[in-house]
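# Analysis of the macromolecular model
What follows is the residue order along each chain.
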Amino acid sequence: REQQMICDYFPWTRKISSGSVTFRNEKIDLPSFLRANKDTMVIKHSTGMGGQDVFMGFSTPQNQWEQLIERGLDEGDWLTQEYYEPLPLYYQHIDRRIEVFHAVWGFFVFGNRYIDGFLRIIPTSTEYDGVINCKQGATVSILMEVDE
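Residues numbered from 1 in each chain as written. Predicted model: local features only at pLDDT ≥ 70, side-chain atom pairs only at ≥ 80, totals over all residues. Heavy atoms only, no water.

## Section: the overall build of the chain
Filter applied, for reference: Helix and strand assignments follow DSSP, with helices taken as H or I runs no shorter than four residues and strands as E runs no shorter than two, numbered in order from the N terminus. Relative accessibility decides the category of a residue: with a 1.4 Å probe and only protein chains considered, values under 20% of the type maximum give buried, values over 50% give exposed, and everything between is partly exposed. Residue contacts follow a heavy-atom distance rule, with two residues in contact if any of their heavy atoms lie within 4.5 Å. Under the convention used here, a 1.4 Å probe and the Shrake-Rupley method define accessible areas, while residue burial counts only the protein chains that appear. Only four residue types enter the tally: Lys and Arg on the positive side, Asp and Glu on the negative side; His and the chain ends are excluded. Lysine's charge is taken at NZ, arginine's at CZ, aspartate's at CG and glutamate's at CD.
Summing up its helical and strand segments, the chain has three helices and 10 strands in all. For the chain, the succession of helices and strands along the chain, N to C, is α-β-β-β-α-β-β-α-β-β-β-β-β. Across its three principal axes, the chain shows a C-alpha extent of roughly 50 × 40 × 25 Å. Among the 148 residues that make up the chain, the fraction classed as buried is 32%. Summarising the internal contacts of the chain: among those between residues at least 6 apart in sequence, 43% fall at separations of at least 24. Counting only carbon and sulfur atoms, one obtains 52% of the accessible surface of the chain, whose full area is about 10400 Å². Of the charged side chains in the chain, 14 are positive and 21 negative; the average position of the first set lies 3 Å away from that of the second.

## A few points about unusual backbone geometry
Phi angles above zero are rare outside glycine, and Arg24 is one such case at about 50°. You can see Arg24 is positioned in the loop between strand S2 (20-23) and strand S3 (26-29). At Asn25, a residue that is not glycine, the phi angle is positive and equals roughly 65°. A relative accessible area of 80% means that Asn25 is categorised as exposed.

## Looking at the pairing of strand S8 (residues 98-110)
Worth spelling out the cut-off: If DSSP finds at least two bridges between two strands, the strands pair.
Bridging between strand S7 (residues 89-92) and S8 involves four bridges; their strand directions are antiparallel. Bridging from a neighbouring strand, Tyr91 pairs with Glu99 of S8. Counted between consecutive antiparallel strands, the loop separating S7 from S8 contains five residues, among which Arg96 sits at a positive phi close to 70°. In this structure, S8 lies alongside strand S9 (residues 113-123), joined through 10 bridges in antiparallel fashion. In the strand pairing of S9, Phe108 is matched with Asp116. The hairpin formed by S8 and S9 contains two residues between the paired strands, and Gly111 there has a positive phi angle of roughly 60°.

## Focus on a negative patch on the surface
For clarity, the cut-off: Any residue with relative accessible area above 30% and no salt bridge may belong to a patch, with like charges joined within 9 Å and the nonpolar Val, Leu, Ile, Met, Phe, Trp and Tyr side chains within 5 Å. Here a salt bridge means any side-chain nitrogen of Lys or Arg lying within 4 Å of a carboxyl oxygen belonging to Asp or Glu.
Taken together, the side chains of Asp116, Glu145, Asp147 and Glu148 present a region of like negative charge at the surface. Note on placement: Glu145 falls in the segment after strand S10 (139-142).

As structure tokens, then:
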């Protein structure tokens, strides 16, 4: 049940490595899959912060994408994730008007205990390459948690 929940709610993520992995119950060769599915994938360094070393396939030129795959294979500390288009959310903007934002969710977990969460948000009117982080104009927003 827990494995299914992870599959249902979290982006498919794998360490970039040679050989086969499972994607949607099918064995695939990961480097070949990344080359063929660039527009639906993300490559990022496993210890990156602030949007540094995050590359969205749809906004990365093919030759650079190929180099990133090779770098991931050589260095061993790069990840790939399936890209999900963020759902637009309405938030109050700085000048007290409501605007539509793209948002990404972040969670703090210690062991099996949920600690807290946050959102990074950027107005949909802002020019960006798909990476939502504070260094590129996003702001951090709070989450309000309500017990049912």
